[in-house]
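Inside the fold
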Amino acid sequence: MFNQIIPIPRVLQPQSRVYELKARLDWGEPALTIIDVRDRDIFNKSHIVGAISLPDAELVKRATQSLSLDRDIYIYSDSDEESATAATNLRTAGFKKVSQLRGGLAAWKAFGYPVEPDGLG
């Protein structure tokens, strides 16, 4: 039987493609956090499996209360501009490893990757 070879993920970059995050998840690296900065009602309709909701207005406060400044963080929103701003805000607050997930949920879904609730939204 042919075994699929999963590539070793590269070091976290300021911007990431969805397939790079998926590779890390498939590799089994648990030491990362996926943050969705969209409105919580929108998050509840559909989001990347395992993502947490930290809407932009409360992002920095809640992140500094609950996450290590050395944690690998992937951040996404409805637009790359919004996620870039949120990533900058986290970096300014002292987070060292923040990556903007380019294309956000739309790109994630385009690759057919899992979302919660399962397929809805």
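Data block above holds the structure.
The structure displayed is predicted, hence computed values, not measured ones.

1. Details of the sheet that holds strand β6 (residues 97–101)
- Across the sheet, five strands lie side by side as β1-β6-β5-β2-β4; this open sheet has parallel pairing. In the strand order of this sheet, the two ends are held by β1 (15–16) and β4 (52–53), each with one partner.
- Across four bridges, the pairing between strand β5 (residues 72–76) and β6 is parallel. Bridge pairing links D72 to K97 in β6.
- Strands β2 (32–36), β5 and β6 of the sheet are contacted by helix α4 (residues 80–92), whose axis makes an angle of about 175 degrees with β6.

2. A word on helix α1 (residues 18–27)
- Taken residue by residue, α1 has V18, E20, L21, K22, A23 and R24 as its buried positions.
- Looking at the buried residues of α1, the elements they touch are β1, β2, β5, β6 and α5 (104–110).

3. Quick word on the pattern of salt bridges
- Across all of its chains, the model carries eight salt bridges by this definition.
- Of the charged contacts in the structure, one is a salt bridge between R38 and D36, with a shortest N-O distance of 2.7 Å.
- On the basis of relative accessible area, R38 is assigned to the buried category, the value being 6%.
- Among the residues examined, D36 registers a relative accessible area of 0% and is labelled buried.
- With a shortest N-O distance of 3.6 Å, D78 and R38 are connected by a salt bridge.

4. Focus: the packing of aromatic side chains
- A full pass over the atoms with the stated rule returns three aromatic pairs.
- Judged by centre distance (5.9 Å) and plane angle (55 degrees), the rings of Y19 and F111 are tilted. Taken together, the positions of Y19 in helix α1 and F111 in the loop between α5 and β7 (115–116) put the pair 92 residues apart, joining distant regions of the chain.
- Under the relative-accessibility criterion, Y19 is labelled partly exposed at 42%.
- For F111, a relative accessible area of 46% translates into the label partly exposed.
- Taking 4.8 Å as the distance between ring centres and 65 degrees as the angle between the ring planes, the aromatic pair formed by W108 and Y113 counts as edge-to-face. When sorted by exposure, W108 lands in the same class as Y113, which is buried.

5. Examining the nonpolar core
- In this structure, L21, I34, I48, Y76, L101 and W108 are the most contacted members of the largest nonpolar core, which totals 16 residues.
- Only α1, β2, β5 and α5 provide two or more residues apiece to this core.
- Sorting elements by how many residues they give to this core places α5 first, with three residues.
- If sequence neighbours within four positions are ignored, Y76 has contacts with I34, I35, D36, V37, R38, H47, I48, A51, S83, L101, G104 and L105.
- Among the nonpolar cores identified, the runner-up in size contains 13 residues, and I75, A86, A87 and V98 belong to it.

Rules and cut-offs
Residues numbered from 1 in each chain as written. Predicted model: local features only at pLDDT ≥ 70, side-chain atom pairs only at ≥ 80, totals over all residues. Heavy atoms only, no water. Pairing = 2+ DSSP bridges. Helix = DSSP H or I, 4+ residues; strand = E, 2+ residues; numbered from the N terminus. Contact = heavy atoms within 4.5 Å. Axes fitted to C-alpha atoms, helices over the stretch in contact; angles between N-to-C directions. Buried < 20%, exposed > 50% of the residue type's maximum accessible area, 1.4 Å probe, protein only. Salt bridge = Lys/Arg side-chain N within 4 Å of Asp/Glu carboxyl O. Phe/Tyr/Trp six-rings, centres within 6.5 Å; stacked < 30°, edge-to-face > 60°. Core = buried A, V, L, I, M, F, W, Y, C linked by side-chain atoms within 4.5 Å.

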